[in-house]
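A closer look at the structure
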Amino acid sequence: MRRAGAVAPGHPLAKGYLPVPRGAPAGQESAEPQNGPKAGCLALNGFPRDSPAAGVGALGGPQTPLAPEEETQARLLPTGPGEATPGAESTLLPRTALSARRFLVLLIFSLYSLVNAFQWIQYSIISNVFQGFYGVSLLHIDWLSMVYMLAYVPLIFPATWLLDTRGLRLTALLGSGLNCLGSWIKCGSVRQHLFWVTMLGQCLCSVAQVFILGLPSRIASVWFGPKEVSTACATAVLGNQLGTAIGFLLPPVLVPNTQNDTNILACNISTMFYGTSAVATLLFILTIIAFKEKPQYPPSQAQAVLRDSPPEEYSYKKSIRNLFKNIPFVLLLISYGIMTGAFYSVSTLLNQIILTYYEGEEVNAGRIGLTLVVAGMVGSILCGLWLDYTKTYKQTTLIVYILSFIGMVIFTVTLDVGYIIIVFVTGGVLGFFMTGYLPLGFEFAVEITYPESEGTSSGLLNAAAQIFGILFTLAQGKLTSDYSPRAGNIFLCVWMFIGIILTALIKSDLRRHNINMGITDADIKAVPVDSPTDQESKDVMLSKQSESAI
């Protein structure tokens, strides 16, 4: 293997790397080892390459990581990528920068994710109204929600393959476009005998969801820097949560229970459907215009490593196998599925749970759902900020899981006290922790599975959530109808306790964070490599002395 830092004469510089004169002050050179795929991408801490201290500086000397702002200034030198400085030998620095467009991309995604989540819950929160309008059973109405979970499971693998091989923009266009199409089909279903049409439109929206749920961590990693990536992921998840919150709030207001006059009811349903379609269409147009694949320069060292890897080396099947061989990820997969599946089940059946104890309170049932999700949105943002500040992924995930379990127990035992205001409070506590857990799972998965694709790990987490969501909704719905809502909630509490145990067993190995900090004790490759020659040219090793110095 070629010594890190050595560049053969005439060897072309890697794309995205800048030469820095060897006589430049140490502060102008990267103090972080750059684990890029090209040999010679390890900076030598300001020492001339041919000086005896260079090897010491690279392997065992003191290294002080620069702040992201200093890194950006150092890497955005006027010298173009691959352009040598005349008369001076040079080392290679990865060129990273933050793009202002990242906020627009995040906003567009969050908004069309919002509309998709709104359409998921808009039937269930007024299930009794749609049951009377279409003349079908409550189970039929529940399936309008559960179809989102059912569609995700078989389609997640082609969707993540598409994301990994065809990119972020195409996946975003499919998600936004199918969401728009499904909403327009539902506009033609406002007749009492056309339940199958509304189911068809909902099925298309559920397919759109497959191309939406796996994107938050991918967008955060591709567009945002190391100190904002968790907050960005939480904000992307926030859009979906906000859509669920609006789905709890607006349908009971827009479509009140006027089953004695089906004409008025049909008019109200049409207003809701056409309004949703107009917003979905606008967001699809914005996605076409403004949603880009990736920024010009990578925002972090971890992305710099992945970006320079030839796409032909990527093996989707091998990536899937690697994930399922990763025991910490498998434990997270199950525990995340339990928590999120429980949230999906409670959201789907909330109307039935509340009306069992408080008849005629459809509007308040929606408001309780709104309280649950809005509190969760606050929890999501706070958890994202906390992760960016502390990087304590496992500890935070475990604590939030335990508090979600406690919140579920309190929500269960206070349902029948006769004061609906108490249900508002306990629902808010439950939502704060249960919904706040969602971005934690995404980001923890990305950390322990790096350098595997964020879309693949997130997609598998969501697939587990959908599977548990279907099973929990069917089981809890059966227990609720045959016994009581309390029996269904106790069922969920038992499973959440199992999830706590599994979370406690997860080994915390923050691979992405270590790369961003310039710390690694193993070969880091952006993708699986089969060729010995390729492996030799792309492995970058850092000794134990370097770890202790950092």
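Residues numbered from 1 in each chain as written. Predicted model: local features only at pLDDT ≥ 70, side-chain atom pairs only at ≥ 80, totals over all residues. Heavy atoms only, no water.

Description of the overall build of the protein chain
Scanning the protein chain for helices and strands turns up 22 helices and two strands. For the protein chain, with 550 residues in total, the buried portion stands at 58%. Restricting to contacts in the protein chain with at least 6 residues of sequence separation, those with at least 24 account for 82%. Accessible surface, the protein chain as shown: approximately 21,200 Å² in total, 66% of it carbon and sulfur. (Helix = DSSP H or I, 4+ residues; strand = E, 2+ residues; numbered from the N terminus. Buried < 20%, exposed > 50% of the residue type's maximum accessible area, 1.4 Å probe, protein only. Contact = heavy atoms within 4.5 Å. Areas by Shrake-Rupley, 256 points an atom, 1.4 Å probe, with all protein chains shown as cover.)

Concerning the packing of helix 8 (residues 215-223) against helix 9 (residues 229-254)
Relative to each other, helix 8 and helix 9 sit at 145 degrees, their axes nearing to 8 Å. Helix-helix and strand crossings are classified by hand; for helix 8 and helix 9 the assignment is right-handed. Listed contacts from helix 9 to Pro216, Ser217, Ala220 and Ser221 of helix 8 are Val229, Ala232, Cys233, Ala236 and Val237. Per-class residue counts for the contact of helix 8 with helix 9 are seven nonpolar, two polar and no charged. (Axes fitted to C-alpha atoms, helices over the stretch in contact; angles between N-to-C directions. Left-handed = near helix turned anticlockwise from the far one by under 90°. Nonpolar A, V, L, I, M, F, W, Y, C, P; charged D, E, K, R; others polar.)

With respect to a nonpolar patch on the surface
Residues Val417, Tyr419, Ile421, Ile422, Val425 and Val429 make up a contiguous nonpolar surface patch of about 530 Å² in total accessible area. Looking at the element boundaries, Tyr419 is found in the loop between helix 15 (393-413) and helix 16 (420-434). With a relative accessible area of 55%, Tyr419 lands in the exposed category. (Patch = residues over 30% accessible without salt bridge, like charges linked within 9 Å, V, L, I, M, F, W, Y side chains within 5 Å. Salt bridge = Lys/Arg side-chain N within 4 Å of Asp/Glu carboxyl O.)

Here we look at the side chain of Thr340
Among the secondary structure elements, Thr340 is positioned in helix 13 (residues 327-357). Those residues in contact with Thr340, other than ones at most four positions away along the chain, are Leu438 and Ala465.

Focus on helix 14 (residues 362-390)
Taking 1.5 Å of rise per residue, 29 residues should cover 42 Å, and helix 14 covers 42 Å from first to last C-alpha, within 8% of that figure. Lys391 lies just past helix 14 and shows a positive phi near 60 degrees. (Expected span 1.5 Å × (residues − 1).)

Quick look at the pattern of salt bridges
Tallied over the full model, the rule gives three salt bridges. Residues Asp416 and Arg486 are paired through a salt bridge, measuring 2.9 Å at the closest nitrogen-oxygen approach. Of this pair, Asp416 sits in the loop between helix 15 and helix 16 while Arg486 sits in helix 19 (residues 485-504), and the two are 70 residues apart along the sequence. Under the relative-accessibility criterion, Arg486 is labelled partly exposed at 31%. We note a salt bridge from Asp482 to Lys478, for which the minimum N-O separation is 3.3 Å. In this pair, Asp482 and Lys478 both sit in helix 18 (residues 454-482), four residues apart, roughly one turn of the helix. A relative accessible area of 51% means that Lys478 is categorised as exposed.

Let's talk about empty space enclosed by the protein
As enumerated under the stated definition, the model contains four cavities of 30 Å³ or more in all. In this structure, the largest cavity spans a volume of roughly 250 Å³. Lining the largest cavity are 25 residues, and of these Leu213, Asn240, Tyr344, Leu438 and Asn462 lie nearest its centre. For the lining of the largest cavity, the elements supplying multiple residues, two or more each, are helix 3 (101-121), helix 5 (138-166), helix 9, helix 13, helix 17 (437-449) and helix 18. Tallied by class, residues from the lining of the largest cavity come to 16 nonpolar, nine polar and no charged. (1 Å grid on protein atoms, 1.4 Å probe; cavity = no way out; pocket = protein on both sides within 12 Å on 5 of 7 lines; lining within 4 Å. Points joined across faces, edges and corners; volume = space filled by probe spheres on them.)

Points about the packing of aromatic side chains
The description of an aromatic ring pair uses the distance of the two centres, along with the angle that the planes make with each other. Scanning the entire structure with this criterion turns up 18 aromatic pairs. The structure contains a cluster of three or more aromatic residues connected by ring pairs, namely Tyr123, Phe130, Phe133, Tyr134, Phe195 and Phe273. (Phe/Tyr/Trp six-rings, centres within 6.5 Å; stacked < 30°, edge-to-face > 60°.)

What to know about the side chain of Asn116
With respect to the helices and strands, Asn116 occurs in helix 3. Accessibility expressed as a relative area gives 1% for Asn116, which makes it buried. With sequence-adjacent residues up to four places away left out, Asn116 is seen in contact with Tyr148, Asn179, Cys205, Ala208, Gln209 and Ile212.

Here we look at the environment of Ala304
The topology assignment puts Ala304 in helix 11 (residues 301-307). A residue is classified by how much of its surface remains accessible, and Ala304, at 5% relative accessible area, is buried.

Re the state of the cysteines
In total, this model carries zero disulfides according to the counting rule given. Between Cys203, a free cysteine, and Cys205, which holds the nearest cysteine sulfur, the sulfur-to-sulfur gap is 9.3 Å. (Disulfide = S-S within 2.5 Å.)

Notes on the environment of Leu155
As for its position among the elements, Leu155 is in helix 5. C-alpha separation for the pair Leu155 and Gly459, spaced 304 residues apart in sequence, amounts to 9.9 Å.

Details of the confidence of the model for the protein chain
With 73% of its residues at a pLDDT of at least 70, the protein chain reaches an overall mean of 75. Within the model, pLDDT remains below 50 along residues 1-91, and this stretch shows 170 contacts once partners closer than five positions in the same chain are excluded. Contacts from residues 522-550, a stretch scored under 50 in pLDDT, to residues over four places away or in other chains number 66 contacts. (pLDDT = per-residue confidence, 0-100.)

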